[in-house]
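Residues per chain are reported as follows:
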Amino acid sequence: MKTPYKNIFSVLKLNRFIVLAVIIGAVITCVVSVVLVILLHKETVNNAFVVNTEGQVIPLKFVSHQENLEVEVLAHLENFHRYFYNIDASNYEKNLEKALWLGNSTVDGLYRQKKADGVYNRLLQYSLLQKVISIHSKVDVQAEPYAFETKTVFEINRGSIIDTYEMTTTGKLIQVDRHFPNNPHGLLITNYFENTLKRIDNEN
């Protein structure tokens with residue numbers, strides 16, 4: 001008995017379906033592969049990694065953010081201490097107003113205490129000149145609020161006598177909305193405290 005031949009149109013239809021299915025599958029696979037490669041490339045570019053001294057892998061984006069934050073914190077502390085301690089009879093009101101924008105009620109409380117103690121009255125009465133020589137800060141930006149310790153060296157010019165002092169201050173910093181020009185770094189000093197004040201003997 002002879003085997004009947006299949007209808008040629010049925011065979012061609014089946015072949016065409018198989019070919020189309022293979023082509024569509026290949027196109028989908030290629031598109032998905034290209035999309036995944038693009039996403040992986042963007043992820044790699046935006047999140048490069050570095051290895052720290054302890055062997056831990058850290059995203060470079062995080063490292064860059066931490067470095068930028070530290071620069072902003074140091075600049076904020078530099079501005080504050082210069083405004084708060086670099087004063088004389090002609091500029092103290094303007095400088096203290098700028099300093100008060102950079103700290104919270106603990107800074108304002110210290111200012112009011114100094115005012116009540118007659119610090120600024122003596123500045124006016126004796127025409128004293130208090131000049132900041134250097135500001136060095138240590139900060140910890142690993143977690144907010146950011147703790148800091150600052151050593152400020154300043155001179156008090158009493159005319160014929162110039163005395164040099166070193167003051168150590170501590171506190172913490174929190175992030176707030178930026179306010180130009182009053183608070184361009186978007187940081188606020190909290191828990192501010194003047195720890196020590198010592199006189200430095202001038203070398204001849």
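Residues numbered from 1 in each chain as written. Predicted model: local features only at pLDDT ≥ 70, side-chain atom pairs only at ≥ 80, totals over all residues. Heavy atoms only, no water.

Participant: Run through the overall build of the protein, naming residues and quoting values.
Facilitator: Across its full length, the protein carries five helices and seven strands. Beginning at the N terminus, the succession of helices and strands in the protein can be written as α-β-β-α-β-α-α-α-β-β-β-β. Within the protein, the fraction of its 204 residues that count as buried is 27%. Pairs at least 24 apart in sequence give 55% of the contacts found in the protein among residues at least 6 apart. When the accessible surface of the protein is totalled, it reaches about 14300 Å², and 59% of it is carbon and sulfur. (Helix = DSSP H or I, 4+ residues; strand = E, 2+ residues; numbered from the N terminus. Buried < 20%, exposed > 50% of the residue type's maximum accessible area, 1.4 Å probe, protein only. Contact = heavy atoms within 4.5 Å. Areas by Shrake-Rupley, 256 points an atom, 1.4 Å probe, with all protein chains shown as cover.)

Participant: Provide a residue-level description of the packing of aromatic side chains, including the pertinent values.
Facilitator: Summed over all chains, the structure comprises seven aromatic pairs. Each ring, one from Phe 80 and one from Tyr 192, has its centre 5.1 Å from the other, and the planes form 80°; the classification is edge-to-face. With Phe 80 in helix α2 (residues 60-85) and Tyr 192 in strand β7 (residues 187-200), the pair connects residues that are 112 residues apart, well separated along the chain. The class for Phe 80 is buried, based on a relative accessible area of 0%. Taken together, the ring pairs connect Phe 80, Phe 84, Tyr 85, Phe 154, Tyr 165 and Tyr 192 into an aromatic cluster. (Phe/Tyr/Trp six-rings, centres within 6.5 Å; stacked < 30°, edge-to-face > 60°.)

Participant: Summarise the pattern of salt bridges; cite the residues concerned and give the values.
Facilitator: Inspection of the entire model under this criterion finds seven salt bridges. Residue Arg 178 pairs with Glu 72 through a salt bridge whose shortest N-O separation is 3.0 Å. Taken together, the positions of Arg 178 in the loop between β6 (162-175) and β7 and Glu 72 in helix α2 put the pair 106 residues apart, joining distant regions of the chain. One salt bridge connects Asp 163 with Arg 158, and the closest N-O pair in it is separated by 2.5 Å. Judged by its relative accessible area of 39%, Arg 158 falls in the partly exposed class. (Salt bridge = Lys/Arg side-chain N within 4 Å of Asp/Glu carboxyl O.)

Participant: Could you give me a rundown of the sheet that holds strand β4 (residues 129-140), with the residues and numbers involved?
Facilitator: Taken together, five strands build an open sheet; the order of strands is β3-β4-β5-β6-β7 and the sheet is antiparallel. Looking along the sheet, the strands with just one partner apiece sit at the ends: β3 (87-88) and β7. Relative to β4, β3 runs antiparallel, the two sharing two bridges. Residue pairing across strands places Ile 87 opposite Gln 130, the latter belonging to β4. (Pairing = 2+ DSSP bridges.)

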